[in-house]
Amino acid sequence: MSSAAEPPTVAVPLDTPPRVASLGTGVHGTHTATDVFRLPDLWQLHLYTYSAELVVGGLSHTIRPGRVSLVPPGTEVRYRYRGRSEHLFVHFALPGTGESTRVPLLQDAGAETPALTGLLRQAVAIAPRNPVRAAAEVWTALWRVAELGTPGGPAQAPGPVAAAIAHVEAHLAGPLAVPDLARVAGVSHNHLTRLFRAETGRTVVAYVRARRMARARHLLRESTLTVRAVADAVGIADLQAFNKACHREFGASPRALRAAARAPGEDQRSPVP
């Protein structure tokens, strides 16, 4: 039997919610030190609170508290326990057919362990009375597992550009000067400018302007907020400047954009860029 230096990855389609067949707290190792089994049609998600050995495809992997495994259907697994072993588990199907995400079969949840534990415990608690809500909790947990260890994922601090973008999205109504965003991102003004263009193809100023105007168009088309309130909500307090920005970006005034959205036959479901 060989030992894997790095756990293999599995392709996980997460474009639609899972169909949860069973979930709860599994207790093992009380009567036998070994379990060998497979689920022909279901995925297995386990969040561990103990140390043990997991063998998949002839490769041995070490289980420790805070590790999470994601095993695809039809895969035989062998557990070797060191006494009573308790973990949270979900058995589920993934009906999605879209692009899959590659996820390690076994990985450390790290700082995400409390959040994942909370999501799974919540799913277990509400499943009997609200299985749809439980599936939503599991879906969120699966996405967090899929993002563990990825740049900007929940297990890592976001990079400078991701940190700057997050600040922009949360503060569109306020001042968003590039030096201030650089301080939030923890880098110099010039370094953020270079990184931002490399990762997004835009300048920081162009990104902020685009996000403000996208939010403005959404509010003008879909809400009954006054034009003044919309301008304030996207950080452009001067109405004349807001009108000019709308003309520059959309070729129409704020009121014309709103009127067009209310016109018969107008598709009000068109996406906001």
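Residues numbered from 1 in each chain as written. Predicted model: local features only at pLDDT ≥ 70, side-chain atom pairs only at ≥ 80, totals over all residues. Heavy atoms only, no water.

Here's the deal with the sheet that holds strand E12 (residues 106-108)
Strands pair in a sheet through their backbones, by hydrogen bonds, and they do so in one of two ways: parallel or antiparallel. A sheet is described by the order of its strands in space; here 5 strands give the open sequence E3-E10-E5-E8-E12, paired in antiparallel fashion. The open sheet terminates on both sides in strands that have one partner only, identified here as strand E3 (19-28) and E12. Each strand axis lies, on average, 20° off the axis of its neighbour in the sheet, ignoring direction. Pairing geometry for strand E5 (residues 43-48) and strand E8 (residues 67-71), over 4 bridges, is antiparallel. Directly across from glutamine 44, in E8, lies its bridge partner valine 71. Running over the sheet, helix H1 (residues 113-126) touches E3, E5 and strand E10 (85-93) and is turned about 125° from E5. Helix H2 (residues 131-146) contacts E3, E5, E8, E10 and E12 of the sheet and is inclined by roughly 75° relative to E3. (Pairing = 2+ DSSP bridges. Helix = DSSP H or I, 4+ residues; strand = E, 2+ residues; numbered from the N terminus. Axes fitted to C-alpha atoms, helices over the stretch in contact; angles between N-to-C directions. Contact = heavy atoms within 4.5 Å.)

Some remarks on the packing of helix H3 (residues 160-170) against helix H4 (residues 178-185)
Running from amino to carboxyl end, H3 crosses H4 at an angle of 120°, the nearest separation of the two axes being 8 Å. As far as their axial angle goes, H4 and H3 are oblique. Here H3 runs over H4; the crossing is right-handed. Facing H3, whose interface residues are Pro160, Ala163, Ala164, His167 and Val168, H4 presents Leu181, Val184 and Ala185. Looking at the contact of H3 with H4, its residues break down into 7 nonpolar, 1 polar and no charged. (Parallel < 35°, antiparallel > 145°, perpendicular 65-115°, else oblique. Left-handed = near helix turned anticlockwise from the far one by under 90°. Nonpolar A, V, L, I, M, F, W, Y, C, P; charged D, E, K, R; others polar.)

Details of the side chain of glutamine 107
Positionally, glutamine 107 belongs in strand E12. Glutamine 107 gets classed as buried once you look at its relative accessible area, which sits at 10%. Within the structure, the side chain of glutamine 107 is placed 3.1 Å from the backbone oxygen of valine 145, a separation counted as a polar contact. If sequence neighbours within four positions are ignored, glutamine 107 has contacts with Gly66, Arg67, Val68, Val145 and Leu148. (Buried < 20%, exposed > 50% of the residue type's maximum accessible area, 1.4 Å probe, protein only. Polar contact = N/O pair within 3.5 Å; in protein donor to acceptor, adjacent residues only side chain to side chain.)

Re the nonpolar core
Residues Val12, Leu45, Leu54, Leu70, Tyr79, Phe92 and Leu142 are the most contacted members of the largest nonpolar core, which totals 40 residues. Residue assignment for this core shows that the elements contributing at least two residues are strand E2 (9-13), E5, strand E6 (52-56), E8, strand E9 (77-80), E10, H1 and H2. In contact with leucine 142, not counting residues within four places along its chain, are Leu14, Pro18, Leu45, Leu70, Phe92 and Leu94. (Core = buried A, V, L, I, M, F, W, Y, C linked by side-chain atoms within 4.5 Å.)

A short note on H2
Taking 1.5 Å per residue as the helical rise, H2 with its 16 residues ought to reach 22 Å, and the 22 Å between its terminal C-alpha atoms agrees with that figure. Turning to H2, its buried residues are Ala134, Ala135, Glu137, Val138, Ala141, Leu142, Val145 and Ala146. (Expected span 1.5 Å × (residues − 1).)

Considering the pattern of salt bridges
Counting across every chain of the model gives 8 salt bridges. Here glutamate 112 and arginine 144 are joined by a salt bridge, their closest N and O atoms 2.5 Å apart. In this pair, glutamate 112 is assigned in the loop between E12 and H1 and arginine 144 in helix H2, connecting sequence segments 32 residues apart. With a relative accessible area of 7%, glutamate 112 lands in the buried category. One network of salt bridges, with partners in common, ties together Arg64, Arg67 and Asp108. (Salt bridge = Lys/Arg side-chain N within 4 Å of Asp/Glu carboxyl O.)

Some details on the packing of helix H6 (residues 204-222) against helix H8 (residues 239-250)
Helices that pack against each other are described as a pair by the angle of their axes relative to one another and the distance between those axes. Contact geometry of H6 with H8 gives a least axis separation of 11 Å together with a crossing angle of 95°. Between H6 and H8, the angle is such that the two are roughly perpendicular. Across the interface between the two elements, Arg209, Met213, Ala216, Arg217 and Leu220 of H6 pack against Phe242, Ala245, Cys246, Arg248, Glu249 and Phe250 of H8. A breakdown of the residues in the contact of H6 with H8 according to their chemical character gives 7 nonpolar, no polar and 4 charged.

Some details on the environment of aspartate 108
Within the secondary structure, aspartate 108 is located in strand E12. We classify aspartate 108 as partly exposed; its relative accessible area is 38%. C-alpha separation for the pair aspartate 108 and proline 65, spaced 43 residues apart in sequence, amounts to 8.6 Å. Among all residues touching aspartate 108, those that are not within four sequence positions of it are Arg64, Gly66, Arg67 and Leu148. One polar contact links aspartate 108 to arginine 67, side chain to side chain, over a distance of 2.9 Å.

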